[in-house]
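Chain residues, written in single-letter form:
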Amino acid sequence: MIMSRLRWVLLVVLLVVTVAACSDLAPAETPEQLDNTPGPPVLVDETVVENEVFRVEYPGGWRAVTSPTFSQPWVVFTPPEEDAVIVVAVNGEDTEVTPENAEGELRRDSWEVLLPGGWTITAVMRSPEGERRDVLLPVFDDVAASISAPQTIPTRPFPSETPRPSNTPRPTPTPTPFAAPTGRSL
């Protein structure tokens, strides 16, 4: 009985010493590199991507891939079949993306959306010709029509604008004729 009690006491002491020794391995604070990650903020959830230039809604179940920190903002959406892509970008040259599993000739549909503040956002869908395109076209139109100014992240000033002081509130986006897509080119 005394031996079993002694074993338990030794086990508890050993456990306390082990935990105390490991405390130096785990930092007590969040490391600086995690508090200050490089690049502009991007919010991605199951149906919305928002960055400092635009906000866009996409279908649930689709994959969203965002731009690297060193480029103008863009996002690529792919359906589970990966036979089409929808690209939303500040720079129209960033929209030349080809779907991985597309078969046959690809069709390119595009919208341009002028946001308040001067940003022109390009939305492009590349999909195979035929029935699949007919199914995806209304989805693309919904994605393009959902493009708007950011609602959560502070807006990046248009390059010709002078930046606002940080204490100046960002204007609330209001629906205007400029917030709607300007048209699809075929």
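Predicted model, so just to flag it, every value in this text is computed and none were measured.

1. Concerning the overall build of the protein
Here is step 1 of the chain: Helix and strand counts for the protein stand at three helices and nine strands.
Here is step 2 of the chain: For the protein, the succession of helices and strands along the chain, N to C, is α-α-β-β-β-β-β-β-β-β-α-β.
Here is step 3 of the chain: By residue count, 30% of the 186 residues in the protein fall in the buried class.
Here is step 4 of the chain: Here the contacts in the protein between residues at least 6 apart in sequence split such that 51% fall between residues at least 24 apart.
Here is step 5 of the chain: Summing over all exposed atoms, the protein offers an accessible surface of approximately 11900 Å²; the carbon and sulfur share of this is 59%.

2. Let's talk about unusual backbone geometry
Here is step 1 of the chain: A positive phi angle is found at E82, which is not glycine, with a value near 55°.
Here is step 2 of the chain: Its place among the elements puts E82 in the loop between β5 (74-78) and β6 (85-89).

3. What to know about the environment of R108
Here is step 1 of the chain: With respect to the helices and strands, R108 occurs in strand β7 (residues 106-114).
Here is step 2 of the chain: For the pair R108 and R126, spaced 18 residues apart in sequence, the C-alpha separation works out to 4.7 Å.
Here is step 3 of the chain: Among the polar contacts made by the side chain of R108, one reaches the side chain of E96 at a distance of 3.4 Å.

4. Some details on the nonpolar core
Here is step 1 of the chain: Membership of the largest hydrophobic core comes to 25 residues, with the highest contact counts inside it found for F54, V56, F77, I86, V88, I121 and I147.
Here is step 2 of the chain: Elements represented by at least two residues in this core include exactly β5, β6, β7, β8 (120-128) and α3 (131-145).
Here is step 3 of the chain: In terms of residue count, α3 provides more of this core than any other element does, five residues in total.
Here is step 4 of the chain: Not counting residues within four places of it along the chain, the set of residues in contact with F77 comprises V49, V56, Y58, W62, R63, A64, A84, V85, I86, V88 and V143.

5. A short note on the environment of E129
Here is step 1 of the chain: Position of E129 among the secondary structure elements: in the loop between β8 and α3.
Here is step 2 of the chain: Judged by its relative accessible area of 39%, E129 falls in the partly exposed class.
Here is step 3 of the chain: A sequence separation of 21 residues divides E129 from R108, and the C-alpha atoms of the two residues are 9.5 Å apart.
Here is step 4 of the chain: In this structure E129 touches E105 and R107, once residues within four positions along its chain are discounted.

6. Digging into the sheet that holds strand β3 (residues 55-57)
Here is step 1 of the chain: The three strands lie next to each other as β1-β2-β3, forming an open sheet whose pairing is antiparallel. Looking at which strands have only one partner, the edges of the open sheet turn out to be β1 (43-44) and β3.
Here is step 2 of the chain: Alignment of β1 against strand β2 (residues 48-50), held across two bridges, turns out to be antiparallel. Its bridge partner being in β2, V44 is matched across the sheet by V49.

7. Thoughts on the confidence of the model for the protein
Do not read the predicted coordinates in detail wherever pLDDT is low.
Here is step 1 of the chain: Mean pLDDT for the protein: 79, with 74% of residues reaching 70 or above.
Here is step 2 of the chain: Per-element confidence in the protein is highest for β3, whose mean pLDDT is 96, and lowest for strand β9 (residues 181-185), whose mean pLDDT is 47.
Here is step 3 of the chain: Below a pLDDT of 50 lies the segment residues 161-186, which in the model reaches 43 contacts outside its immediate sequence neighbourhood of four places, other chains included.

Thresholds applied
Residues numbered from 1 in each chain as written. Predicted model: local features only at pLDDT ≥ 70, side-chain atom pairs only at ≥ 80, totals over all residues. Heavy atoms only, no water. Helix = DSSP H or I, 4+ residues; strand = E, 2+ residues; numbered from the N terminus. Buried < 20%, exposed > 50% of the residue type's maximum accessible area, 1.4 Å probe, protein only. Contact = heavy atoms within 4.5 Å. Areas by Shrake-Rupley, 256 points an atom, 1.4 Å probe, with all protein chains shown as cover. Polar contact = N/O pair within 3.5 Å; in protein donor to acceptor, adjacent residues only side chain to side chain. Core = buried A, V, L, I, M, F, W, Y, C linked by side-chain atoms within 4.5 Å. Pairing = 2+ DSSP bridges. pLDDT = per-residue confidence, 0-100.

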